[in-house]
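Survey of secondary and tertiary structure
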Amino acid sequence: MEKGAVRKAVQETHRETGKTRKRGKRMRKKVISVLLICSMLLTLLPVGTVFAADEIVATGSCGENATWELDNNGVLTIYGTGAISDAIRGQYIIDPPWGAYKSSINSVVIGDGITKLGQHIFDEHTTLQNVKLGAGLQEIGMNAFQDCTNLKSIELPDGLTTIGTWAFYGSGLESIHIPASVTNISTVPFRSCKNLREVTVDPDNPVYIAVDNVIFNKAMTELVCYPSGKPDKTYAIPDTVEVLRDDVIMDNDYIEKIVFGQKMREMNLNNFVNCPNLQTIVFNNGIETIKGIRNCNSLTTLFIPESVKTLYTSSFYQCSNLSSVYFYGDAPSLANTGGMSNPTLADGFTLYYLQDKQGWTTPTWNGYPTKLWDGVHTDGSTEPTNPVDPVEPT
């Protein structure tokens, strides 16, 4: 390369270096300016201001070997081993150990060493939105999350075996997945969860199965849980089902018609409760015992198949618009549990029976008004499973 060319290249390099130095000076000036501004802002803060990590505001014991801590962000952490104590004494619900701070708790973290959540322990924690359950948890106690209205979801851990009675009563749950490890679902753990529509069960669960968001035992002979938020207007109980769990369809505002499967033989206490729009129940001809229809104020008429042998006096408790019950068979035995004569039954409540059937008396039977009817509906049918209006008895 010629000397002139070399000199020009060196000069060009010097110029670029100069530019870089100028840019560096400008950048240093900007950094210094930002630091000065931050320093000025810090002088405006009160003396003693500390920028700290999460601060523990309260702590205590909540079981023989369990401890709780609440931080300033509303996170309640429970760690240790074994069970968390019940928040109940005798028949009375009491505040949990952190009761004074209940309204400020938005998240709960359960350590892996905790094996059981006590009864009512998070009852009415209405600000609770997030719950992380530990891997060692085996049991959720009765009413543990009752009325946690802002709790919309929760992940149940593998290893959980028991979900207690009314465990999530009135909570804000929208979906729930039952792991394979759960072998004991107590009575209606999701009662009155009005937003609960999606219910699934792990296919490897040996005891339970979910079909159309309804929980059954694995053989589908028992209906275990029907969600309060299930929006279907009509539900046909599968023909495999022989028994309904107590309180199984409860606090559901959508259901209007229930059709019994062909293998149903007996109802349990309080099978259909607080279903304000339930208008029709179609019993199978094979059902032998009827009980447990309560606070279903849209029911006006029922048709009882010939197969029914026992009727509980609490069968229609507080069904205030039920005025007519039509029987196709002999008079059933009356099991006295109280309630059928409750004054909330409709004025003029009457039992209708067929003339050739045995055991009925007129004008009353066991204190309830009776009349004859001919078994014919207004559409000409005579089937008890077709609950259309009957011909006016003569």
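To start, this report covers the structure provided alongside it. (Residues numbered from 1 in each chain as written. Predicted model: local features only at pLDDT ≥ 70, side-chain atom pairs only at ≥ 80, totals over all residues. Heavy atoms only, no water.)

Topic: the pairing of strand β2 (residues 66-71)
Both strand β1 (residues 56-63) and β2 contribute to a ladder of six bridges, which runs antiparallel. Note that in β2 the partner of G63 across the bridge is A66. Linking β1 to β2, which pair antiparallel, is a turn of two residues. What sits between the antiparallel neighbours β2 and strand β3 (residues 75-80) is a turn of three residues, in which G74 has the positive phi angle 85°. (Pairing = 2+ DSSP bridges. Helix = DSSP H or I, 4+ residues; strand = E, 2+ residues; numbered from the N terminus.)

Some thoughts on the sheet that holds strand β26 (residues 301-304)
Pairing in this open sheet of five strands is mixed, and the strands run β26-β28-β30-β32-β31 from one edge to the other. Taken across any chain shown, the strands that pair with only one partner, and hence form the sheet edges, are β26 and β31 (364-365). Two strands pair when backbone bridges link them, and strand β30 (residues 350-353) and strand β32 (residues 368-372) are joined in this way by three bridges, in the parallel orientation. Bridge assignment links L351 to a residue of β32, and that residue is T370.

A closer look at the side chain of N252
The topology assignment puts N252 in the loop between β20 (249-250) and β21 (257-259). You can call N252 buried: its relative accessible area is 0%. A polar side-chain atom of N252 sits 3.2 Å from the main-chain carbonyl oxygen of S228. With sequence-adjacent residues up to four places away left out, N252 is seen in contact with Y226, P227, S228, G229, K230, N274, C275 and P276. (Buried < 20%, exposed > 50% of the residue type's maximum accessible area, 1.4 Å probe, protein only. Polar contact = N/O pair within 3.5 Å; in protein donor to acceptor, adjacent residues only side chain to side chain. Contact = heavy atoms within 4.5 Å.)

So, the pairing of strand β17 (residues 222-225)
Alignment of strand β16 (residues 214-217) against β17, held across two bridges, turns out to be antiparallel. Across the sheet, F216 pairs through a bridge with L223, a residue of β17. Between the end of β16 and the start of β17, which pair antiparallel, lie four residues, with M220 showing a positive phi angle near 60°. Inspection of the sheet shows β17 paired to strand β19 (residues 243-244) by two bridges, in the parallel sense. Its bridge partner lying in β19, L223 is registered against L244.

Remarks on the nonpolar core
Judged by nonpolar contacts, the single largest core of 46 residues is most densely connected at L117, F122, I140, F145 and F168. Secondary-structure elements contributing two or more residues to this core are β1, β2, β3, β7 (107-110), β8 (114-117), β12 (175-178), β14 (198-201) and β17. Considering every element that reaches this core, the biggest residue donor is β2, with three residues. Non-local contacts of F145, meaning those with residues more than four positions away in its chain, are made with L117, F122, L128, V131, I140, L151, I154, A167, F168, Y169 and S171. Judged by nonpolar contacts, the second largest core, of 42 residues, contains M264, I287, F327 and L345. (Core = buried A, V, L, I, M, F, W, Y, C linked by side-chain atoms within 4.5 Å.)

What about empty space enclosed by the protein?
Enumeration over the complete set of coordinates arrives at one cavity of 30 Å³ or more. Every residue along the wall of the largest cavity is listed here: V188, F190, R191, C225, Y226, P227, S228, D247, V248 and M250. Partitioned by chemical class, the residues of the lining of the largest cavity number seven nonpolar, one polar and two charged. (1 Å grid on protein atoms, 1.4 Å probe; cavity = no way out; pocket = protein on both sides within 12 Å on 5 of 7 lines; lining within 4 Å. Points joined across faces, edges and corners; volume = space filled by probe spheres on them. Nonpolar A, V, L, I, M, F, W, Y, C, P; charged D, E, K, R; others polar.)

Examining the packing of aromatic side chains
Counting across every chain of the model gives 18 aromatic pairs. Ring plane angle 50° and centroid distance 6.5 Å describe the contact between W68 and Y101, whose orientation is recorded as tilted. In this pair, W68 is assigned in strand β2 and Y101 in the loop between β6 (92-93) and β7, connecting sequence segments 33 residues apart. Centroid distance Y326 to Y352: 4.4 Å. Interplanar angle 10°. Geometry classified as stacked. Of this pair, Y326 sits in strand β28 (residues 324-327) while Y352 is found in strand β30, placing the two residues 26 residues apart along the sequence. Given the relative accessible area of 4%, Y326 is considered buried. Among the aromatic residues, those joined into a ring-pair cluster are W68, W98, Y101, F122, F145, F168 and F190. (Phe/Tyr/Trp six-rings, centres within 6.5 Å; stacked < 30°, edge-to-face > 60°.)

Notes on the sheet that holds β2
Pairing in this open sheet of five strands is mixed, and the strands run β1-β2-β3-β7-β9 from one edge to the other. Each edge of the open sheet is held by one strand with a lone partner, namely β1 and β9 (130-132). Each adjacent strand pair in this sheet contributes to an overall mean axis angle of 15°, direction not counted. (Axes fitted to C-alpha atoms, helices over the stretch in contact; angles between N-to-C directions.)

Description of the environment of N268
Secondary-structure assignment places N268 in the loop between β21 and β22 (272-273). Residues N268 and K291 lie 23 residues apart in sequence; the distance between their C-alpha atoms is 6.3 Å.

Points about the pattern of salt bridges
Applying the stated criterion to the full structure yields eight salt bridges. In this structure, E306 engages K357 in a salt bridge whose closest nitrogen and oxygen atoms are separated by 2.8 Å. Note that E306 is positioned in the loop between β26 and β27 (310-312) and K357 in the loop between β30 and β31, a separation of 51 residues in sequence. Note on E306: relative accessible area 41%, which makes it partly exposed. One network of salt bridges, with partners in common, ties together D212, K230 and D232. (Salt bridge = Lys/Arg side-chain N within 4 Å of Asp/Glu carboxyl O.)

No statement about biological role is implied by the geometric values presented.
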